[in-house]
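# Understanding the architecture of this molecule
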Amino acid sequence: MENQSVSTDEIVREENLVYKKTSLMTSKALSYCPGCGHGVVHRIIAEVIDEMGIQADTIGVAPVGCSVLAYEFLDIDMQQAAHGRAPAVATGIKRCWPDKFVFTYQGDGDLAAIGTAETIHACNRGENITIIFINNGIYGMTGGQMAPTTLPGMRSSTTPYGRDIALMGNPLKITEVVATLPGTYFVARHSVHTPLNARKTKKAMRMAFENQKLKKGLSFIEIVSNCNSGWKMTPTQANKWMEDNMFPYYPMGDIKVNGEMVKKKEEPKA
Amino acid sequence: MAKIKGAIVIDREHCKGCELCVTACPTDVIRMEKTVNGKGYHFAYMENPDACTGCANCAVVCPDGVITVYRKKIEEL
Ligand SMILES: Cc1ncc(C[n+]2csc(CCOP(=O)(O)OP(=O)(O)O)c2C)c(N)n1
Ligand code: SF4
Ligand code: SF4
Ligand code: SF4
Ligand SMILES: [Mg+2]
């Protein structure tokens, strides 16, 4: 018969496989809300470690926050740190085992509020580790309180009328701050909410892990992510809101590559 | 002429019904089932299987990693 459609059964065969969840993700169901970006970032990390063949040589440090149980989901050696202390713990691990690949995984409350000192000093010392920073503009785990990264006017459970800059100060672009420190070698900001963005994140993640071999300093990747529960939106609405509101304030792309600041596009001359 | 055809398999019991795969699919293959899984979530399924190209966009954005993707070259006369 002409144009006869091929049945799904004929396509779904081992030899035709193009994508499946890496075995570096455990079989445990993720503890995250439906549509939460944490899951995508976990899988990207797992894929990079898998593709680099460094499962036995990688040690992750989990934070306090929604991703406190990251060690349940990534099938690698992990240590859970006290709130905000992941970069200090990772420093200790890396200095004991300089040839291991060591990374932290931290939310914005963990990394940019209680852990600011650890973040700044690990970056300034140029520890040869990778910091993965999930910025969802809120304390997701504890019920959506304002974080240092909460946008001006953004509602949270502790800013029900929106963040008032005069009263609560400005959102902290900590990624731009660490890029100015001599100890950082690679600093970039990405997202995982579309296939294209997720693929770009994976490329950056690969570079961040490869950089550890060079021993030239710290690689820092911010992922601007959603918290649909905290933002009180559906996952699809949250991703749209993130594009419209978070991205203008936290623009995507490389900030520092190979230890050099990436030049901004030329401002038109006056 | 050769044509590429794809198919996806969804781990229904681990799908959380977030619908991000529906948005990510360029060929409008995926819909949400009216019934729910053991956790009470409406799960994703292939409504238009013939349109699937096996591009894996849906699987790349699925937060729970429950989508497996297959692709086959079909020889047509
Ligand atoms: C020392 C200490 N202070 C406060 C808390 C309460 N607490 C738990 S998670 C959290 C913030 C989490 O926010 P974030 O790091 O942004 O992670 P998310 O859940 O948004 O991914 C806070 C303040 C704690 N567990 N320990
Ligand atoms: S509360 Fe927010 S950050 Fe935490 S799992 Fe839910 S959506 Fe993700
Ligand atoms: S593999 Fe591509 S075409 Fe097929 S369902 Fe997924 S996104 Fe759609
Ligand atoms: S993206 Fe994944 S979890 Fe979300 S509806 Fe699709 S298959 Fe289910
Ligand atoms: Mg947060």
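As the structure is a computational prediction, the values presented were derived from the model and not from experiment.

## Points about the overall build of chain A
- Counting its secondary structure elements, chain A contains 11 helices and 11 strands.
- The globule rule puts the C-alpha radius of gyration for 270 residues at 18 Å, and the 19 Å found for chain A is close to it.
- The principal-axis extent of the C-alpha atoms belonging to chain A is close to 70 × 45 × 45 Å.
- Long-range contacts, defined here as pairs at least 24 residues apart, represent 67% of the contacts in chain A between residues at least 6 apart.
- When the accessible surface of chain A is split by element, carbon and sulfur atoms take 54% of a total near 12400 Å².
- A gap of 5 Å separates the mean positions of the 29 positive and 27 negative side-chain charges of chain A.

## What about the coordination of the magnesium ion (ligand 5)?
Residue and element names in this part refer to chain A.
- Note on the magnesium ion (ligand 5): its protein donors are Asp108 (OD), Asn136 (OD1) and Ile138 (O). The metal-donor distances range over 2.0 to 2.2 Å.
- Each donor residue of the magnesium ion (ligand 5) lies on one chain, and together they are spaced D-x27-N-x1-I. Placement of Asp108 in helix 5 (residues 108-114) and of Ile138 in strand 6 (residues 138-139) is noted, with a sequence separation of 30 residues between them. Assigned by exposure class, Asp108 and Ile138 land together as buried.

## Comments concerning the site of ligand 3
- Within the structure, ligand 3 sits among 14 residues, and Cys25(B), Thr27(B), Cys52(B), Cys55(B) and Cys58(B) are positioned closest to it.
- When grouped by side-chain class, the residues that make up the shell around ligand 3 number 10 nonpolar, 4 polar and no charged.

## Digging into the packing of helix 2 (residues 37-52) of chain A against helix 9 (residues 195-214) of chain A
Residue and element names in this part refer to chain A.
- At a minimum axis separation of 9 Å, helix 2 and helix 9 run at an interaxial angle of 50 degrees. Taken together, the axis directions place helix 2 and helix 9 in an arrangement best described as oblique. As for the relative orientation of helix 2 and helix 9, their crossing is right-handed in sense. From helix 2, Val40, Val41, Ile44, Ile45, Glu47, Val48, Ile49, Glu51 and Met52 reach across to helix 9, where they touch Ala198, Thr201, Lys202, Met205, Arg206, Phe209, Glu210 and Lys213.
- Of the residues assigned to the contact of helix 2 with helix 9, the class counts are 10 nonpolar, 1 polar and 6 charged.

## Thoughts on unusual backbone geometry
- Notably, Lys232(A) is not glycine yet its phi reads approximately 60 degrees, a positive angle.
- By relative accessible area, Lys232(A) is classed as exposed at 71%.
- Unlike most non-glycine residues, Glu19(B) shows phi in positive territory, near 75 degrees.
- By the element assignment, Glu19(B) lies in the loop between strand 1 (2-10) and helix 1 (20-24).

## Structural notes on the side chain of Asp110(A)
All names here are of chain A.
- Looking at the secondary structure, you find Asp110 in helix 5.
- Summary of buried charges: Asp110 has no salt-bridge partner, and the nearest side chain of opposite charge, Arg85, is 7.8 Å away.
- Leave out the neighbours within four places in its chain, and Asp110 touches Pro63, Val64, His83, Gly84 and Gly115.

## Section: the sheet that holds strand 1 of chain B
- The 3 strands lie next to each other as 1(A)-4(B)-1(B), forming an open sheet whose pairing is antiparallel. This sheet does not close on itself; its edge strands, each paired only once, are strand 1 (17-19) of chain A together with strand 1 of chain B. Across the sheet, the mean angle from the axis of one strand to that of its neighbour is 35 degrees, orientation sign disregarded.
- As defined by bridge partners, strand 1 of chain B adjoins strand 4 (residues 67-75) of chain B across 9 bridges and the pair is classed as antiparallel.

## Here's the deal with helix 11 (residues 235-249) of chain A
- Compared with an ideal rise of 1.5 Å per residue, which puts 15 residues at 21 Å, helix 11 of chain A spans 20 Å between its outermost C-alpha atoms and is within 8% of the ideal.
- At Met242(A), helix 11 of chain A shows its maximal bend, which comes to roughly 35 degrees.
- Of all the residues in helix 11 of chain A, the buried ones are Pro235(A), Ala238(A), Asn239(A), Met242(A), Met246(A) and Phe247(A).
- Elements in contact with the buried residues of helix 11 of chain A: strand 5 (130-135), strand 9 (218-224) and helix 10 (228-231) of chain A together with helix 1 of chain B.

## Observations regarding the site of ligand 2
- Every residue near ligand 2 is listed here: Tyr32(A), Cys33(A), Cys36(A), His38(A), Cys66(A), Asn136(A), Gly140(A), Cys227(A), Asn228(A) and Ser229(A).
- When grouped by side-chain class, the residues that make up the shell around ligand 2 number 5 nonpolar, 5 polar and no charged.

## Quick look at the packing of aromatic side chains
Residues and elements named next belong to chain A.
- Applying the stated criterion across every chain, the model contains 5 aromatic pairs over all chains.
- With centroids separated by 4.9 Å and ring planes inclined at 55 degrees, the aromatic side chains of Trp231 and Trp241 adopt a geometry described as tilted. On the criterion of sequence distance, the pair formed by Trp231 in helix 10 and Trp241 in helix 11 is long-range, its members being 10 residues apart.
- Overall, Trp231 belongs to the buried group, its relative accessible area being 8%.

## Quick word on the interface of chain A and chain B
- The interface of chain A with chain B comprises 35 residues on the first partner and 34 residues on the second.
- Taking both partners together, chain A and chain B bury about 2600 Å²; carbon and sulfur atoms supply 62% of that area.
- When residues of chain A are sorted by the area they lose upon contact with chain B, Ile11(A), Val18(A) and Tyr19(A) head the list and together hold 20% of the total.
- Run the count over chain A and chain B and you get 0 salt bridges.
- In this assembly, chain A and chain B are joined by 10 residue pairs in polar contact (both at pLDDT 80 or more).
- Of all the elements in the fold, those that place two or more residues in the side of chain A that touches chain B are helix 1 (8-11), strand 1, helix 2, helix 9 and helix 11 of chain A.
- Counted by class, the side of chain A that touches chain B contains 17 nonpolar, 11 polar and 7 charged residues.
- With 2 bridges joining them, strand 1 of chain A and strand 4 of chain B adopt antiparallel strand pairing. The residue of strand 4 of chain B that forms the bridge with Tyr19(A) is Val69(B).

Cut-off values and rules
- Residues numbered from 1 in each chain as written.
- Chains lettered and ligands numbered in written order.
- Predicted model: local features only at pLDDT ≥ 70, side-chain atom pairs only at ≥ 80, totals over all residues.
- Heavy atoms only, no water.
- Helix = DSSP H or I, 4+ residues; strand = E, 2+ residues; numbered from the N terminus.
- Rg over C-alpha atoms; globule rule 2.2 N^0.38 Å.
- Contact = heavy atoms within 4.5 Å.
- Areas by Shrake-Rupley, 256 points an atom, 1.4 Å probe, with all protein chains shown as cover.
- Lys, Arg positive; Asp, Glu negative; His and termini not counted.
- Charge placed at Lys NZ, Arg CZ, Asp CG, Glu CD.
- Donors = N, O, S within 2.8 Å, 3.2 Å for Na, K, Ca; no water.
- Buried < 20%, exposed > 50% of the residue type's maximum accessible area, 1.4 Å probe, protein only.
- Near = heavy atom within 4 Å.
- Nonpolar A, V, L, I, M, F, W, Y, C, P; charged D, E, K, R; others polar.
- Axes fitted to C-alpha atoms, helices over the stretch in contact; angles between N-to-C directions.
- Parallel < 35°, antiparallel > 145°, perpendicular 65-115°, else oblique.
- Left-handed = near helix turned anticlockwise from the far one by under 90°.
- Salt bridge = Lys/Arg side-chain N within 4 Å of Asp/Glu carboxyl O.
- Pairing = 2+ DSSP bridges.
- Expected span 1.5 Å × (residues − 1).
- Bend = angle between axes of the 7 residues up to and from the residue.
- Phe/Tyr/Trp six-rings, centres within 6.5 Å; stacked < 30°, edge-to-face > 60°.
- Buried area = accessible area lost by both parts, 1.4 Å probe.
- Polar contact = N/O pair within 3.5 Å; in protein donor to acceptor, adjacent residues only side chain to side chain.

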